[in-house]
Structures are given as C-alpha cells and as structure tokens.
Amino acid sequence: MSSTHTSLPAAKKRKVSGSDDVTSPIRQLETQLTSALSTNSSLNQLADLLDIVWSTQDAALLGKAIYAMYRVFVTIITNGLLFGREDVGQDTKLVRSWLSEKLHAYVDFVAALMSDEDLTLRTSALEILLSLQKHLSTSLTRQSIARNPQPQFHVLHFRKIVHSLLLCPPSPRTPALSKNQGVEAQSPVTMLDPDVKKLYADKWMSVYDDIRWFFLREATTLLGNVSREQQTTAASNMLSMLETINTFPTTSFELNTWWVDELGVNPPTGNRSKLEFNQIVEESEKGADEEDDWRKYFDDPPADTDEIKCRSRTARLHTLTLHQSLHSLASHRAVFTRAWLTLLPLLSLNASEPSRTLVLRVLNMLHRRVLPHLTKAILVMDWVGSCVDYGGAVGLLALNALFVLMKEYNLDYPLFYNRLYGFLDRDVLHLKHRARFFRLTELFLSSTHLPAVLVASFVKRLARLSLDASPSAIVMIIPFIYNLLRKHPALMCMIHRVEDDMNADSFDARESNPTLTNALNSSLWELHAQKDHYHAVVSTLACIFEEAFTRPTYAMEDFLDHTYNTLYDAEAKRRIRKDPVVEDEIGRFTGQIEDLWT
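Residues numbered from 1 in each chain as written. Predicted model: local features only at pLDDT ≥ 70, side-chain atom pairs only at ≥ 80, totals over all residues. Heavy atoms only, no water.

## A word on the overall build of the protein
Helix and strand counts for the protein stand at 27 helices and zero strands. Residues classed as buried in the protein amount to 46% of the 598 residues present. Taking the contacts inside the protein whose residues are at least 6 apart along the sequence as the reference set, 76% of them involve residues at least 24 apart. Accessible surface, the protein: about 31500 Å² in total, of which carbon and sulfur atoms supply 53%. (Helix = DSSP H or I, 4+ residues; strand = E, 2+ residues; numbered from the N terminus. Buried < 20%, exposed > 50% of the residue type's maximum accessible area, 1.4 Å probe, protein only. Contact = heavy atoms within 4.5 Å. Areas by Shrake-Rupley, 256 points an atom, 1.4 Å probe, with all protein chains shown as cover.)

Pasting the structure below:
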C-alpha cells in the first residue's frame, strides 16, 4: 500500500544564543506572507525572508529560517501559484516566473546544506527537498490535467536532489565559518554524508518505487555528463547509494509503493487491468529476447512475421509513457541495468588503491544483488573479465563472478581455469584472503565432469607449494588435496606412483596452461615429504595418504582459518596423556652417567 507523508516532522527545539528577538523577524515575515497568500496581496516579503536564509550563519537559527521558508513555499505550491494555464495575463506570468526563480534559489541553497557540518541541518535539508518533491509533483499533476491527464513527476526538482547526493556541493556556511575562525578554507566535501545516505536509503530509496526508478535514471544521466574531475566523486557516491538497495522488485505485484500518490494509479491500458498490462510487457520482452537468439532458428519453425511485428511494437520500452514505465517491471530492470553499465567503467579507470577498493566492493555484491536483476547478466562480462587482471582479492572475486556467469547465465569463458591456475603461487598462501581463495577454489573444482589432467595440475601445484609454506597453510592444503582425490578417483595414480629419481619429475611447473603440465604422469612426493615435518599436526595429517581412502571428505571450514596463533593455542591447550620428563629426573639420570665414567 502507498504511504502518505504530506508534511515534515517538527524541527527539534534547540537553544539559541540571545533572546527570542533573534527569531522574531522570521516569524513575522512568515506570518505576513501567509496573510498575503490568503488575501492575494503582494509577496515582496519573500525576498526579505530569503535574505535572512542566505545571511544566517548560526545553525539553529538557519534551521528555523529554512523551515519557515519551506512552509511558505508549500502554501504557494498548494494554492497553484507556480503552475497553471498558459492563457493568463502578463502580470500573472511575471509573478509566476518570479516565484519560480525564488524557489529555485531556495532549493539550491537547501540542497547544498546536505554537506553542512551540522547533522540536523543535513537531515532537515533532505527532508525538506523530498517533501517539496511530493507537493510540486502533485500540484503539477493537478494543473496540467487538462492538457495531459497522466500524473506528473517534477523531474527538474528531483534532478537537483540527485546532483547534491552525487556531487556534494559545499555548504554555503563553510566559507564564512573558515574566515571567522581564521583558518584556511576547508577542502570541499566529496563523499556523501553517511547520515544523509542512510536517511535517504531507509526512508525513500528502498521503499518507494518511483523514487528508486527516477534516481536510477537521473543518476545515470548525471554520470554520463559530469566532467572528468567529478567522475570519481560521482561514481563513488553512486556506488554507495546502489549498495543501499537491499530489495528490488522481482514481480509486477511488488510495484505498489509510491511517494507521489498520483503515480500509484493504474496506467491507462484500454480495457485491460494492471495485471494484464504487466504481463503484456514482460511476455513481449521475453519474446523479443527469443527472437534475437540465433539458436531458436534451429529449434522451432519461424513464427508468423505479422505476429512478431505486432508483439515487437508492444515490447519496446521506449514506446511506454512515463506512467506506464513506472508500473513495468521490465522498465525498472532496464534503468537498473543502465545505471550499473554506466557506473562500472568509471570505477576501474586506474589501478590506484581507492579504485581497487571500489571494485572490490562491487565484486562482493555483484553475484547476489546485481546480476539477478539485470536485463542480461552477460552485459557485465567484459568488465568482470578485466578485473581479473587486478590480481589478489579483486581478481579472485572477479573469477567468482565469472564462475556465476558461466554456471547460471551460460557464459562461455574458455580461459577460466587458466586464469585460476595462475593465482596459485607462493603469495596466495600468505595473503589474508587465503581462506576465501580456497573456499572459492573448492567450489570451482567441485564438478566431477572436469578433465582429470586439469584437476591434477591444481593438485600438483598445491603439493609443490606446500614445500615452503607455513604450517597453517599446509594444514589447509592436505585436506584440500585429499578431498580432490576422493572426488576424482582418476588422480589416485599420483599417490601410488613411486619415482626413484626426484629429478625426473615429469611435472612442468613453468607451464601456464593446466592441461599441458603433464601433472597426471607425476607423483605427489611432496606430500610424502611432509611426513617428516617438524610440526606434529602436519606430519600426522600427511600420513592420511598412506591409509585406505575410506574416510569421508574433510570439512574444509575446520582448516581454512588456521594461523600461527590458532596452532599455538591448540598445542598449549592440548591435554597431556603422558607426563613429560621433569628436571630432577633428568639431573638424576645425568649423575648416574657421570658416576659410570668416573
């Protein structure tokens, strides 16, 4: 059901320096303007109230001023003084133009307050802007119903909100504060304030379908038009906003919550209902996708040409009106896809550490919260493939995204296991993301349909790396290899083969293609050598390969998080079944030996 928010919550009361005389001009001007609107008198006091807003530096007083200004503009908007018929006198047009100019100036000022250092001003600014969005859209719908019966959304006002959320213009109070305090000018704010982001996400972005749809559309347009200097700021803030989208509609029935109430009315579809309208759009989109699939030519006989043309006309999203687009699930997926396809290239313009951090954040959420809602998931294939070149945790998560695309979206990526094999080096056993790597590698090698020569290369490479690995890494490698041998019985020959000359190992460690390393004709002598490891846990685990493979596979989660600290704690807390030799016994034994020599 639609939620209705017609007014802002009352501003919090705060102590203001001085007496009530400081706020009396604001109350007086607001009263005069309210009276003038009721009697259709002059509104010149509006400029005086705006002057107070622009010149006030005290946060508490400025909060009262912007709320007073907000209430005046709501009255102006509700009375229909901003929009109306075009066949009016010149004086009316001049008044309307003057009021619009003052409103735009006020909105620009309030939008910049979202970067202010005062928390209450930041959140109040966002509340005011979104409330004005509702009133402006409702008034625009009522005034334009004669020439355009469809509900309206004040796009120009909302575009300013998106601009402030992504580019974070400096607060109008900042220069004056820096000058009065005698310090250098503060650096401009480039990141969206967390409190503003959370408020916008929790109250609007994740709740109202129209707000989310328009934000995705306007933010995408802004990203494509900003200067190169602003791209990093806009892209980073855009990503932080997209991360807040925890829910996305998956059926047409979920498109049912609207910030602008008029948009919740079912779009005109002749005699069809809203359900039928959405089914037409979605089925038509499906038909269009099938028409583009070249494999369909070999499976089914060609459909009737006239029928294809008819369905194609109803399928194209650009033929839908704005109102119909908001009620179309295909349209929501389209703006979501366009937003991500515009954002992703901007996140990987360079290989700097901040850029790697942004890419890492995307890859962490890509397979769960992005790919299922794209119109075609393989559209991000090129970007994900380029992220593999980053190496480390970024490259590993990119491989995970590629694996999801291959498994669930039929992506053809022949070099996947070549790239994964390239990650197996000494560094991977010493990274803090080592556990994540082995979790994903276990998933990638889980299929029993993989060629034995391919899996053998991974087993042999891991065994070779164990020779100079830390005990905590070896404790992880041995169960990992054991599970692979259990899952791929064709590799059992590697532990039964005995090589008299270790220099004759047929494994080619320099080969980058895992299918050409000749690992299957080699042996796992490296694991046999671990029986003599100085750490008892490692030597005990290595003996498992000399026993019958009757035990079930190891639960890798029991081994992935081992470190030096965990191994030491395990030894320190281990129960001692046999008492060790104490010092006095050692001394007595030494004395007996000395007596024998003398």
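## As for the pattern of salt bridges
Pairs can form between side chains of opposite charge once their charged atoms are near each other. One pass over the structure, following the stated rule, counts 19 salt bridges. Note that Arg464 is salt-bridged to Glu526, the shortest N-O span being 2.8 Å. Of the two residues, Arg464 is situated in helix 21 (residues 452-465) and Glu526 in helix 24 (residues 525-529); the sequence distance between them amounts to 62 residues. Each of Lys460, Arg464, Asp505 and Glu526 takes part in a single network of salt bridges with overlapping partners. (Salt bridge = Lys/Arg side-chain N within 4 Å of Asp/Glu carboxyl O.)

## Overview of unusual backbone geometry
Note: most residues except glycine have negative phi, and most peptide bonds are trans. Positive phi, close to 60 degrees, is recorded for Asn40, a residue that is not glycine. Tracing the backbone through its elements, the reader meets Asn40 in the loop between helix 1 (24-39) and helix 2 (45-55). Exposure remark for Asn40: the relative accessible area of 70% places this residue in the exposed category. Not every positive phi belongs to a glycine, and Asn410 is a case in point at roughly 60 degrees. Among the structural elements, Asn410 can be located in the loop between helix 18 (392-409) and helix 19 (416-422).

## Here we look at the packing of helix 21 against helix 22 (residues 471-487)
Taken N-terminus to C-terminus, the directions of helix 21 and helix 22 make an angle of 160 degrees; their axes are 10 Å apart at the nearest point. As summarised for this structure, helix 21 and helix 22 are arranged roughly antiparallel, according to the angle between their axes. Note on packing geometry: the crossing formed by helix 21 with helix 22 is left-handed. Each of Val455, Val459, Leu462 and Ala463 in helix 21 lies in contact with helix 22, whose residues at this interface are Ile477, Phe480, Ile481 and Leu484. Its residues assigned to classes, the contact of helix 21 with helix 22 comprises eight nonpolar, no polar and no charged. (Axes fitted to C-alpha atoms, helices over the stretch in contact; angles between N-to-C directions. Parallel < 35°, antiparallel > 145°, perpendicular 65-115°, else oblique. Left-handed = near helix turned anticlockwise from the far one by under 90°. Nonpolar A, V, L, I, M, F, W, Y, C, P; charged D, E, K, R; others polar.)

## Concerning the packing of aromatic side chains
Considering all chains together, one arrives at 21 aromatic pairs under this definition. Summarising the aromatic geometry, the rings of Phe153 and Phe214 are spaced 3.9 Å apart at their centres and angled 5 degrees between planes, so their arrangement reads as stacked. Separated by 61 residues along the polypeptide, Phe153 in the loop between helix 5 (119-143) and helix 6 (155-167) and Phe214 in helix 9 (residues 209-225) bring together distant segments of the chain. One exposure class covers both Phe153 and Phe214, and it is buried. Relative to Trp259, the ring of Trp204 has its centre 5.9 Å away and its plane inclined at 90 degrees; by these criteria the two rings are edge-to-face. Taken as a pair, Trp204 in helix 8 (residues 194-205) and Trp259 in the loop between helix 10 (228-242) and helix 11 (274-292) lie far apart in primary sequence, 55 residues in all. Overall, Trp204 belongs to the buried group, its relative accessible area being 1%. (Phe/Tyr/Trp six-rings, centres within 6.5 Å; stacked < 30°, edge-to-face > 60°.)

## Description of the nonpolar core
Residues Ile66, Tyr106, Tyr200, Phe215, Trp340, Tyr417 and Ile481 are the most contacted members of the largest nonpolar core, which totals 169 residues. A total of 14 residues in this core trace back to one element, the largest contributor, which is helix 3 (residues 59-78). Not counting chain neighbours up to four residues away, the residues in contact with Tyr417 comprise Phe403, Phe444, Leu445, Leu450, Leu454, Phe458 and Pro514. (Core = buried A, V, L, I, M, F, W, Y, C linked by side-chain atoms within 4.5 Å.)

## Comments concerning the packing of helix 5 against helix 6
Relative orientation of the contacting elements helix 5 and helix 6 amounts to 165 degrees, with a least axis distance of 9 Å. Judged by the angle between their axes, helix 5 and helix 6 are roughly antiparallel. Here helix 5 and helix 6 pass one another in a crossing that is left-handed. Only His157, Phe158 and Ile161 of helix 6 make contact with helix 5, whose side of the interface consists of Leu129, Leu130, Leu132, Gln133 and Leu136. Considering only residue class, the contact of helix 5 with helix 6 consists of six nonpolar, two polar and no charged.

## Description of empty space enclosed by the protein
A probe matching the size of a water molecule, rolled over the atoms, marks out where space remains unfilled. Applying the stated rule across the entire model yields one cavity of 30 Å³ or more. Each pocket or cavity is described by its volume, and for the largest cavity that value is around 40 Å³. Lining the largest cavity are Leu103, His104, Val107, Leu136, His154, His157 and Lys160. Elements with a contribution of two residues or more to the lining of the largest cavity: helix 4 (90-112) and helix 6. Broken down by element, the lining of the largest cavity gets its largest block of residues, three residues, from helix 4. (1 Å grid on protein atoms, 1.4 Å probe; cavity = no way out; pocket = protein on both sides within 12 Å on 5 of 7 lines; lining within 4 Å. Points joined across faces, edges and corners; volume = space filled by probe spheres on them.)

## Brief notes about the side chain of Glu526
Residue Glu526 is classed as buried on the basis of its relative accessible area of 0%. In terms of polar contacts, Glu526 uses its side chain to reach the side chain of Lys460, at 2.8 Å. (Polar contact = N/O pair within 3.5 Å; in protein donor to acceptor, adjacent residues only side chain to side chain.)

## Structural notes on helix 21
Taking 1.5 Å as the rise per residue, helix 21 with 14 residues should run 20 Å; its terminal C-alpha atoms sit 20 Å apart, in good agreement. By the criterion of burial, helix 21 is predominantly enclosed, with eleven of the 14 residues buried. If you check which residues of helix 21 are buried, you get Leu454, Val455, Ala456, Ser457, Phe458, Val459, Lys460, Arg461, Leu462, Ala463 and Leu465. On its buried side, helix 21 packs onto helix 19, helix 20 (434-444), helix 22, helix 23 (493-496) and helix 24. (Expected span 1.5 Å × (residues − 1).)

## Thoughts on the environment of Phe438
Along the chain, the position of Phe438 falls in helix 20. The class for Phe438 is buried, based on a relative accessible area of 1%.

## A word on the environment of Ala452
If you trace the backbone, Ala452 turns up in helix 21. Each C-alpha atom of the pair Ala452 and Ala519 lies 9.6 Å from the other, and the pair is 67 residues apart in sequence. Non-local contacts of Ala452, meaning those with residues more than four positions away in its chain, are made with Ala490, Leu491 and Leu520.

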